[in-house]
Amino acid sequence: MSELVLHGYWRSGTSYRTRIALEIKGLAYRQAPVELRQGEQKSPEHLARNPQGLVPALETPDGVLTQSSAIIEWLDERYPDPPLLLGDAARRAAIRAMAMVVACDVHPLGNLRVLKYLRNDLQHEQEEIDRWSRHWISEGFAALEVLIGRHGGRFACGDTLTAADCHLVPQFYSAQRVKLDCSPWPKLVRAVENALAEPPVAAAHPDRQPDAD
Ligand SMILES: N[C@@H](CCC(=O)N[C@@H](CS)C(=O)NCC(=O)O)C(=O)O
(Lines give C-alpha, C1' and ligand atoms only; values in the text may rest on other atoms or scores of the structure.)
Protein backbone atom coordinates (compact mmCIF):
# COMPACT_ATOMS: atom_id res chain seq x y z
CA MET A 1 0.00 0.00 0.00
CA SER A 2 1.46 3.33 -1.07
CA GLU A 3 1.93 5.86 1.69
CA LEU A 4 1.19 8.75 -0.68
CA VAL A 5 -2.37 9.22 -1.92
CA LEU A 6 -3.16 11.96 -4.41
CA HIS A 7 -6.72 13.24 -4.30
CA GLY A 8 -6.97 15.01 -7.64
CA TYR A 9 -8.67 15.21 -10.98
CA TRP A 10 -7.16 14.19 -14.31
CA ARG A 11 -7.68 17.53 -16.05
CA SER A 12 -6.90 19.78 -13.13
CA GLY A 13 -3.73 21.79 -13.72
CA THR A 14 -2.80 21.76 -10.06
CA SER A 15 -3.20 17.96 -9.85
CA TYR A 16 -1.12 17.69 -13.03
CA ARG A 17 1.61 19.83 -11.42
CA THR A 18 1.69 17.58 -8.42
CA ARG A 19 1.79 14.40 -10.54
CA ILE A 20 4.76 15.77 -12.51
CA ALA A 21 6.67 16.36 -9.27
CA LEU A 22 5.77 12.90 -7.91
CA GLU A 23 6.84 11.27 -11.18
CA ILE A 24 10.13 13.18 -11.39
CA LYS A 25 10.90 12.04 -7.86
CA GLY A 26 10.07 8.47 -8.90
CA LEU A 27 7.68 8.06 -5.97
CA ALA A 28 4.95 5.43 -5.77
CA TYR A 29 1.55 6.99 -5.16
CA ARG A 30 -2.07 6.01 -5.38
CA GLN A 31 -4.62 8.21 -7.12
CA ALA A 32 -8.00 8.83 -5.53
CA PRO A 33 -10.03 10.78 -8.12
CA VAL A 34 -12.23 13.69 -7.05
CA GLU A 35 -14.78 14.25 -9.85
CA LEU A 36 -14.92 18.04 -10.16
CA ARG A 37 -17.81 17.97 -12.66
CA GLN A 38 -19.94 16.23 -10.03
CA GLY A 39 -18.91 18.72 -7.35
CA GLU A 40 -17.12 16.09 -5.27
CA GLN A 41 -14.58 18.72 -4.21
CA LYS A 42 -17.28 20.16 -1.95
CA SER A 43 -18.19 16.83 -0.32
CA PRO A 44 -17.69 16.55 3.46
CA GLU A 45 -15.00 13.89 2.86
CA HIS A 46 -12.99 16.15 0.61
CA LEU A 47 -13.54 19.29 2.71
CA ALA A 48 -12.06 17.36 5.62
CA ARG A 49 -8.91 16.98 3.52
CA ASN A 50 -8.89 20.43 1.95
CA PRO A 51 -11.04 23.09 3.63
CA GLN A 52 -10.86 25.16 0.42
CA GLY A 53 -12.83 22.50 -1.45
CA LEU A 54 -10.19 22.34 -4.17
CA VAL A 55 -7.83 19.71 -5.53
CA PRO A 56 -5.21 18.50 -5.01
CA ALA A 57 -4.76 17.11 -1.53
CA LEU A 58 -1.92 14.73 -0.85
CA GLU A 59 -2.09 12.21 1.99
CA THR A 60 1.41 11.74 3.34
CA PRO A 61 3.10 10.25 6.39
CA ASP A 62 3.26 13.87 7.66
CA GLY A 63 -0.51 14.38 7.28
CA VAL A 64 -2.71 15.72 4.48
CA LEU A 65 -1.13 18.51 2.45
CA THR A 66 -2.88 21.07 0.26
CA GLN A 67 -1.85 23.82 -2.20
CA SER A 68 0.07 22.22 -5.06
CA SER A 69 3.06 24.59 -4.91
CA ALA A 70 3.45 23.90 -1.18
CA ILE A 71 3.12 20.17 -1.87
CA ILE A 72 5.86 20.38 -4.50
CA GLU A 73 8.15 22.13 -2.01
CA TRP A 74 7.34 19.51 0.64
CA LEU A 75 8.17 16.73 -1.84
CA ASP A 76 11.45 18.45 -2.60
CA GLU A 77 12.39 18.73 1.06
CA ARG A 78 11.26 15.22 1.98
CA TYR A 79 12.67 13.48 -1.13
CA PRO A 80 15.55 15.73 -2.24
CA ASP A 81 16.77 13.62 -5.16
CA PRO A 82 16.44 14.77 -7.90
CA PRO A 83 15.94 18.35 -6.73
CA LEU A 84 13.19 20.55 -8.16
CA LEU A 85 14.54 23.71 -6.51
CA LEU A 86 18.24 23.79 -7.08
CA GLY A 87 21.27 25.97 -7.49
CA ASP A 88 22.18 29.07 -5.52
CA ALA A 89 19.65 31.42 -3.90
CA ALA A 90 19.29 33.48 -7.09
CA ARG A 91 18.59 30.39 -9.22
CA ARG A 92 16.05 29.11 -6.71
CA ALA A 93 14.38 32.53 -6.71
CA ALA A 94 14.19 32.41 -10.52
CA ILE A 95 12.60 28.94 -10.42
CA ARG A 96 10.07 30.12 -7.82
CA ALA A 97 9.34 33.30 -9.77
CA MET A 98 8.41 31.31 -12.88
CA ALA A 99 6.31 28.92 -10.84
CA MET A 100 4.56 31.87 -9.22
CA VAL A 101 3.76 33.59 -12.51
CA VAL A 102 1.63 30.53 -13.18
CA ALA A 103 0.43 29.73 -9.67
CA CYS A 104 -0.36 33.26 -8.48
CA ASP A 105 -1.02 35.34 -11.58
CA VAL A 106 -2.41 33.06 -14.29
CA HIS A 107 -4.00 29.86 -13.01
CA PRO A 108 -6.35 31.46 -10.43
CA LEU A 109 -8.02 33.52 -13.18
CA GLY A 110 -8.87 30.42 -15.19
CA ASN A 111 -9.95 28.16 -12.38
CA LEU A 112 -13.25 26.31 -12.64
CA ARG A 113 -15.01 28.33 -9.94
CA VAL A 114 -13.99 31.62 -11.61
CA LEU A 115 -15.18 30.46 -15.04
CA LYS A 116 -18.43 29.18 -13.53
CA TYR A 117 -19.01 32.58 -11.93
CA LEU A 118 -18.45 34.30 -15.28
CA ARG A 119 -20.87 31.91 -16.97
CA ASN A 120 -23.59 31.42 -14.36
CA ASP A 121 -23.61 34.65 -12.36
CA LEU A 122 -22.38 37.21 -14.89
CA GLN A 123 -24.02 35.44 -17.85
CA HIS A 124 -21.03 35.52 -20.19
CA GLU A 125 -21.03 33.42 -23.37
CA GLN A 126 -18.53 30.57 -23.67
CA GLU A 127 -16.56 32.43 -26.38
CA GLU A 128 -16.15 35.44 -24.06
CA ILE A 129 -15.00 33.17 -21.27
CA ASP A 130 -12.44 31.55 -23.56
CA ARG A 131 -11.23 35.02 -24.55
CA TRP A 132 -10.86 35.86 -20.85
CA SER A 133 -8.75 32.73 -20.34
CA ARG A 134 -6.62 33.38 -23.41
CA HIS A 135 -6.00 36.97 -22.30
CA TRP A 136 -4.64 36.09 -18.86
CA ILE A 137 -2.60 33.16 -20.09
CA SER A 138 -1.08 35.39 -22.80
CA GLU A 139 -0.02 37.98 -20.22
CA GLY A 140 1.70 35.30 -18.15
CA PHE A 141 3.29 33.56 -21.12
CA ALA A 142 4.72 36.84 -22.46
CA ALA A 143 6.52 37.38 -19.15
CA LEU A 144 7.61 33.75 -18.97
CA GLU A 145 9.10 33.99 -22.47
CA VAL A 146 11.44 36.73 -21.18
CA LEU A 147 12.27 34.81 -18.00
CA ILE A 148 12.98 31.62 -19.96
CA GLY A 149 15.22 33.66 -22.29
CA ARG A 150 17.11 34.82 -19.21
CA HIS A 151 17.33 31.60 -17.20
CA GLY A 152 16.22 28.76 -19.44
CA GLY A 153 18.18 26.02 -21.10
CA ARG A 154 16.71 22.76 -22.27
CA PHE A 155 13.88 23.40 -19.83
CA ALA A 156 12.27 26.48 -18.27
CA CYS A 157 15.11 27.16 -15.85
CA GLY A 158 18.31 25.46 -16.90
CA ASP A 159 18.94 21.99 -18.25
CA THR A 160 17.15 19.94 -15.61
CA LEU A 161 13.47 19.73 -14.80
CA THR A 162 12.51 22.05 -11.95
CA ALA A 163 9.44 23.29 -10.11
CA ALA A 164 9.13 25.86 -12.92
CA ASP A 165 8.42 23.07 -15.42
CA CYS A 166 5.97 21.42 -12.99
CA HIS A 167 3.91 24.61 -13.19
CA LEU A 168 4.48 25.58 -16.81
CA VAL A 169 3.56 22.30 -18.53
CA PRO A 170 0.01 22.13 -17.08
CA GLN A 171 -0.59 25.79 -17.89
CA PHE A 172 0.39 25.08 -21.48
CA TYR A 173 -2.11 22.21 -21.51
CA SER A 174 -4.81 24.68 -20.37
CA ALA A 175 -3.72 27.12 -23.09
CA GLN A 176 -4.24 24.41 -25.69
CA ARG A 177 -7.70 23.67 -24.31
CA VAL A 178 -8.75 27.27 -24.97
CA LYS A 179 -7.00 27.21 -28.37
CA LEU A 180 -4.43 29.87 -27.56
CA ASP A 181 -1.87 30.36 -30.33
CA CYS A 182 1.45 29.99 -28.47
CA SER A 183 3.69 30.73 -31.47
CA PRO A 184 4.57 34.24 -30.12
CA TRP A 185 6.50 32.49 -27.31
CA PRO A 186 8.91 30.08 -29.05
CA LYS A 187 11.29 29.64 -26.11
CA LEU A 188 8.39 28.72 -23.87
CA VAL A 189 7.02 26.26 -26.45
CA ARG A 190 10.45 24.62 -26.83
CA ALA A 191 10.86 24.28 -23.06
CA VAL A 192 7.42 22.67 -22.80
CA GLU A 193 8.10 20.30 -25.71
CA ASN A 194 11.39 19.25 -24.16
CA ALA A 195 9.71 18.65 -20.81
CA LEU A 196 6.86 16.66 -22.40
CA ALA A 197 9.41 14.37 -24.04
CA GLU A 198 10.73 13.32 -20.61
CA PRO A 199 9.13 10.04 -19.43
CA PRO A 200 8.14 11.31 -15.92
CA VAL A 201 6.41 14.34 -17.41
CA ALA A 202 4.74 12.21 -20.10
CA ALA A 203 3.45 9.82 -17.42
CA ALA A 204 1.73 12.69 -15.62
CA HIS A 205 -0.26 13.79 -18.70
CA PRO A 206 -4.03 14.07 -18.07
CA ASP A 207 -4.91 11.59 -20.83
CA ARG A 208 -2.86 8.90 -19.10
CA GLN A 209 -4.66 9.10 -15.75
CA PRO A 210 -7.06 6.41 -14.50
CA ASP A 211 -10.02 8.82 -14.23
CA ALA A 212 -9.53 10.36 -17.74
CA ASP A 213 -12.64 10.41 -19.97
N1 LIG B 1 -3.72 27.33 -5.46
C2 LIG B 1 -4.37 26.06 -5.41
C3 LIG B 1 -5.45 26.02 -6.45
C4 LIG B 1 -6.25 24.73 -6.42
C5 LIG B 1 -7.33 24.77 -7.50
O6 LIG B 1 -7.76 25.84 -7.91
N7 LIG B 1 -7.76 23.58 -7.95
C8 LIG B 1 -8.79 23.52 -8.96
C9 LIG B 1 -8.45 22.51 -10.04
S10 LIG B 1 -7.02 22.98 -10.95
C11 LIG B 1 -10.10 23.07 -8.32
O12 LIG B 1 -10.11 22.24 -7.44
N13 LIG B 1 -11.23 23.63 -8.80
C14 LIG B 1 -12.51 23.23 -8.34
C15 LIG B 1 -13.47 24.36 -8.29
O16 LIG B 1 -13.14 25.46 -8.74
O17 LIG B 1 -14.58 24.12 -7.81
C18 LIG B 1 -3.34 24.93 -5.61
O19 LIG B 1 -2.33 25.19 -6.26
O20 LIG B 1 -3.52 23.82 -5.11
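Not measured: the values here are computed from a predicted model. (Residues numbered from 1 in each chain as written. Predicted model: local features only at pLDDT ≥ 70, side-chain atom pairs only at ≥ 80, totals over all residues. Heavy atoms only, no water.)

J.: Break down the overall build of the chain for me, citing the residues and quoting the values.
T.: Each helix and strand in the chain was counted, giving nine helices and four strands. Going residue by residue from the N terminus, the α and β elements of the chain occur as β-α-β-α-β-β-α-α-α-α-α-α-α. If you line up the chain on its principal axes, its C-alpha atoms span 45 × 40 × 30 Å. When burial is assessed residue by residue, the chain has 49% of its 213 residues classed as buried. The long-range fraction of contacts in the chain, counting pairs at least 24 apart against all pairs at least 6 apart in sequence, stands at 67%. Carbon and sulfur atoms make up 52% of the accessible area of the chain, which amounts to about 10400 Å² in all. (Helix = DSSP H or I, 4+ residues; strand = E, 2+ residues; numbered from the N terminus. Buried < 20%, exposed > 50% of the residue type's maximum accessible area, 1.4 Å probe, protein only. Contact = heavy atoms within 4.5 Å. Areas by Shrake-Rupley, 256 points an atom, 1.4 Å probe, with all protein chains shown as cover.)

J.: Please provide a residue-by-residue account of the site of the ligand, values included.
T.: What surrounds the ligand is a group of 14 residues, the closest being Q41, V55, Q67, S68 and N111. In this structure, a nitrogen atom belonging to the ligand sits 3.4 Å away from a side-chain N or O atom of T14. V55 places a polar main-chain atom, nitrogen or oxygen, 2.8 Å from a nitrogen atom of the ligand. Out of a free accessible area of 510 Å², the ligand has 91% covered by protein chains. (Near = heavy atom within 4 Å. Polar contact = N/O pair within 3.5 Å; in protein donor to acceptor, adjacent residues only side chain to side chain.)

J.: I'd like to hear about a positive patch on the surface, residue by residue, with values.
T.: A cluster of like positive charges, contributed by K42, R113, K116 and R119, occupies part of the molecular surface. Its place among the elements puts K116 in helix α5 (residues 112–121). (Patch = residues over 30% accessible without salt bridge, like charges linked within 9 Å, V, L, I, M, F, W, Y side chains within 5 Å. Salt bridge = Lys/Arg side-chain N within 4 Å of Asp/Glu carboxyl O. Lys, Arg positive; Asp, Glu negative; His and termini not counted. Charge placed at Lys NZ, Arg CZ, Asp CG, Glu CD.)

J.: Explain the environment of I24 residue by residue, including any values.
T.: Tracing the backbone shows I24 in helix α1 (residues 13–25). Sequence spacing of I24 and D81 is 57 residues, and the spatial spacing of their C-alpha atoms is 9.1 Å. In this view, I24 contacts P82, L84, L161, C166 and P200; residues no more than four positions away in its chain are not counted.

J.: Lay out the packing of helix α6 (residues 126–151) against helix α8 (residues 186–196) in plain terms, naming residues and giving numbers.
T.: Where α6 meets α8, the axes come as close as 8 Å, and the angle between the chain directions of the two elements is 75°. On the basis of their axis angle, the class for α6 and α8 is roughly perpendicular. Together, F141, L144, E145, I148 and G149 of α6 and P186, K187 and L188 of α8 make up the contact between the two elements. Taken together, the residues of the contact of α6 with α8 sort by class into five nonpolar, one polar and two charged. (Axes fitted to C-alpha atoms, helices over the stretch in contact; angles between N-to-C directions. Parallel < 35°, antiparallel > 145°, perpendicular 65-115°, else oblique. Nonpolar A, V, L, I, M, F, W, Y, C, P; charged D, E, K, R; others polar.)

J.: Please provide a residue-by-residue account of the pattern of salt bridges, values included.
T.: If you walk through the whole model with that rule in mind, you get seven salt bridges. Among the salt bridges present, the one from R78 reaches D62, with a minimum N-O distance of 3.0 Å. With a gap of 16 residues between them, R78 in helix α3 (residues 68–78) and D62 in the loop between β3 (57–60) and β4 (63–66) connect regions that are remote in the sequence. You can call D62 partly exposed: its relative accessible area is 44%. In this structure, the salt-bridge partner of R96 is E73, at a minimum N-O distance of 3.0 Å. Placement of R96 in helix α4 (residues 89–106) and of E73 in helix α3 is noted, with a sequence separation of 23 residues between them.

J.: Break down the domain arrangement of the chain for me, with residues and values.
T.: Under the domain assignment used here, the chain contains domain 1 (5–82) and domain 2 (89–200). For domain 1 versus domain 2, the separation of C-alpha centres amounts to 19 Å. Of the residues lining the interface, 16 residues belong to domain 1; the matching set on domain 2 comes to 18 residues. Of the roughly 1500 Å² buried at the junction of domain 1 and domain 2 (both faces included), carbon and sulfur atoms supply 63%. At the junction of domain 1 and domain 2, the tally comes to one salt bridge. Linking domain 1 to domain 2 there are three residue pairs in polar contact (both at pLDDT 80 or more). Here the side of domain 1 that touches domain 2 takes eight residues from α1, the largest share from any one element. (Domains from an automatic or database assignment. Buried area = accessible area lost by both parts, 1.4 Å probe.)

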